Amino acid sequence: MDAQIAKLKEWIDGSDNIVFFGGAGVSTESGIPDFRSVDGLYNQQYKYPPETILSHSFFMAEPEEFYRFYRAKMLALDAQPNAAHLKLAAWERAGKCRAVITQNIDGLHQKAGSREVLELHGSVLRNHCMRCRKPYDVRDIAAGTGVPKCACGGMIKPDVVLYEESLDSGTINKSVSYIAAADILIIGGTSLAVYPAAGLIDYYRGRRLVLVNKTETPADRRADLVIHGAIGEVFSQL
Ligand code: CNA
């Protein structure tokens, strides 16, 4: 692994056009469980599978059950950025990292200081009334119980892209532009199993495709460098 990290460091030191594409694995070292690891949410037992609970139709049909799961498992407001988030923010400040494209909804890249963060699946930090669109702070959601309601009587929904919902086209287009123009694309902490997000990496045309993940991914074979390890540990050595 040392030789691979040394190679990645050399590439990074020589680039001012790094783009990062990441997922839930980027935040596990901050204490937020991902979906597909052995201790991830998909391997825990609930009344309904998480994919079902986190779908638009379930949200509309059983909002109480949705919010019970959501408050317990998706809100981690005390979590702090780890070495991976912090390194990406430092690279941006140094003019090296152009954008962080994330499937995460936890806001930790911004908390670490990154500015150009494209949130493909939205953010738990933003919420709005489905009737009058009034915005609500995440603390209003976390503090309450049951289904959060607006003063107008409407139901409050997190600005998170649920299963069955479409991604924001502006965010997709911007992500495609960054990836297509990138010198180095680092993919980290993602199983690359959730589409259409995972398909965005196909727009990369460069010759420095890097994968940093604990487990194998479908893109390992076409990567120019693969590091199987914990991303925070790896990034702290760069
Ligand atoms: P996933 O499918 O759970 O995959 C996570 C991947 O990360 C797996 O391949 C793991 O092996 C790998 N991994 C776990 N920990 C580490 C680590 N420390 N270092 C390196 N690799 C690690 O998650 P994806 O992001 O691929 O799936 C997309 C879903 C998960 C998105 O819709 C997210 O919104 C959703 N999600 C987000 C969060 C969050 O915001 N923190 C948490 C849980 C789920």
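Located above this text is the structure these notes cover.
Only a predicted model underlies this, so the values are computations on that prediction, with no experimental measurement involved.

*Asks:* Can you walk me through the environment of Gly-144 in this structure?
*Replies:* The topology assignment puts Gly-144 in the loop between helix H7 (138–143) and strand S6 (156–160). Assessed through its relative accessible area of 27%, Gly-144 is described here as partly exposed.

*Asks:* Would you explain the nonpolar core in this entry?
*Replies:* In a soluble, globular protein the nonpolar side chains are often hidden away together inside. Core analysis: the largest hydrophobic core is formed by 25 residues, its most contacted members being Phe-66, Tyr-67, Tyr-70 and Met-74. At 5 residues, helix H4 (residues 63–74) tops the list of elements feeding residues into this core.

*Asks:* Sorry if this is basic, but what is going on with the side chain of Lys-96 here?
*Replies:* Positionally, Lys-96 belongs in the loop between helix H5 (83–93) and strand S2 (97–102). It turns out Lys-96 is buried and unbridged, and the closest side chain with the opposite charge, Asp-13, is 5.2 Å from it. Within the structure, the side chain of Lys-96 is placed 2.8 Å from the backbone oxygen of Ile-12, a separation counted as a polar contact. Not counting residues within four places of it along the chain, the set of residues in contact with Lys-96 comprises Ile-12, Asp-13, Gly-14, Ser-15, Asp-16, Asn-17, Ile-18 and Trp-91.

*Asks:* For this particular structure, what's the right way to read the pattern of salt bridges?
*Replies:* Pairing between side chains of opposite charge can happen when the charged atoms of each approach one another. A full pass over the atoms with the stated rule returns 8 salt bridges. The shortest N-O distance in the salt bridge between Lys-157 and Glu-165 comes to 3.3 Å.

*Asks:* What should I look at first to understand the pairing of strand S1 (residues 18–22) in this one?
*Replies:* Counting buried residues along S1, 5 of its 5 residues qualify, which places the element largely inside the surrounding structure. Here S1 shows a buried face lined by Ile-18, Phe-20 and Gly-22 and a second buried face lined by Val-19 and Phe-21. In this structure, S1 lies alongside S2, joined through 5 bridges in parallel fashion. Of the residues in S2, the one forming a bridge with Phe-20 is Val-100. Across 5 bridges, the pairing between S1 and strand S7 (residues 184–188) is parallel. Residue pairing for S7: Ile-18 is matched across the bridge by Ile-184.

*Asks:* Sorry if this is basic, but what is going on with the site of the ligand here?
*Replies:* Of all residues adjacent to the ligand, which total 28 residues, the nearest are Phe-35, Arg-36, Thr-190, Ser-191 and Thr-215. Separating an oxygen atom of the ligand from a side-chain N or O atom of Thr-215 is a distance of 2.7 Å. Here the residues of the shell around the ligand are counted per class, giving 9 nonpolar, 14 polar and 5 charged.

*Asks:* Just checking my understanding: could you explain the sheet that holds strand S5 (residues 135–137) for this structure?
*Replies:* Sheets are built from strands paired through backbone hydrogen bonds, the pairs being either parallel or antiparallel. A sheet is described by the order of its strands in space; here 3 strands give the open sequence S5-S4-S6, paired in antiparallel fashion. Strands with a single pairing partner mark the edges of an open sheet, and in this sheet they are S5 and S6. Here the average twist between neighbouring strands, direction ignored, is 40°. Taken together, the 5 bridges between strand S4 (residues 122–129) and S6 define a ladder with antiparallel strand orientation. Paired with Gly-122 across the two strands is Val-160, which belongs to S6. Set on the sheet, H4 makes contact with S4 and S6; between it and S6 the angle comes to about 45°.

The rules behind these values
- Residues numbered from 1 in each chain as written.
- Predicted model: local features only at pLDDT ≥ 70, side-chain atom pairs only at ≥ 80, totals over all residues.
- Heavy atoms only, no water.
- Helix = DSSP H or I, 4+ residues; strand = E, 2+ residues; numbered from the N terminus.
- Buried < 20%, exposed > 50% of the residue type's maximum accessible area, 1.4 Å probe, protein only.
- Core = buried A, V, L, I, M, F, W, Y, C linked by side-chain atoms within 4.5 Å.
- Lys, Arg positive; Asp, Glu negative; His and termini not counted.
- Salt bridge = Lys/Arg side-chain N within 4 Å of Asp/Glu carboxyl O.
- Polar contact = N/O pair within 3.5 Å; in protein donor to acceptor, adjacent residues only side chain to side chain.
- Contact = heavy atoms within 4.5 Å.
- Pairing = 2+ DSSP bridges.
- Near = heavy atom within 4 Å.
- Nonpolar A, V, L, I, M, F, W, Y, C, P; charged D, E, K, R; others polar.
- Axes fitted to C-alpha atoms, helices over the stretch in contact; angles between N-to-C directions.

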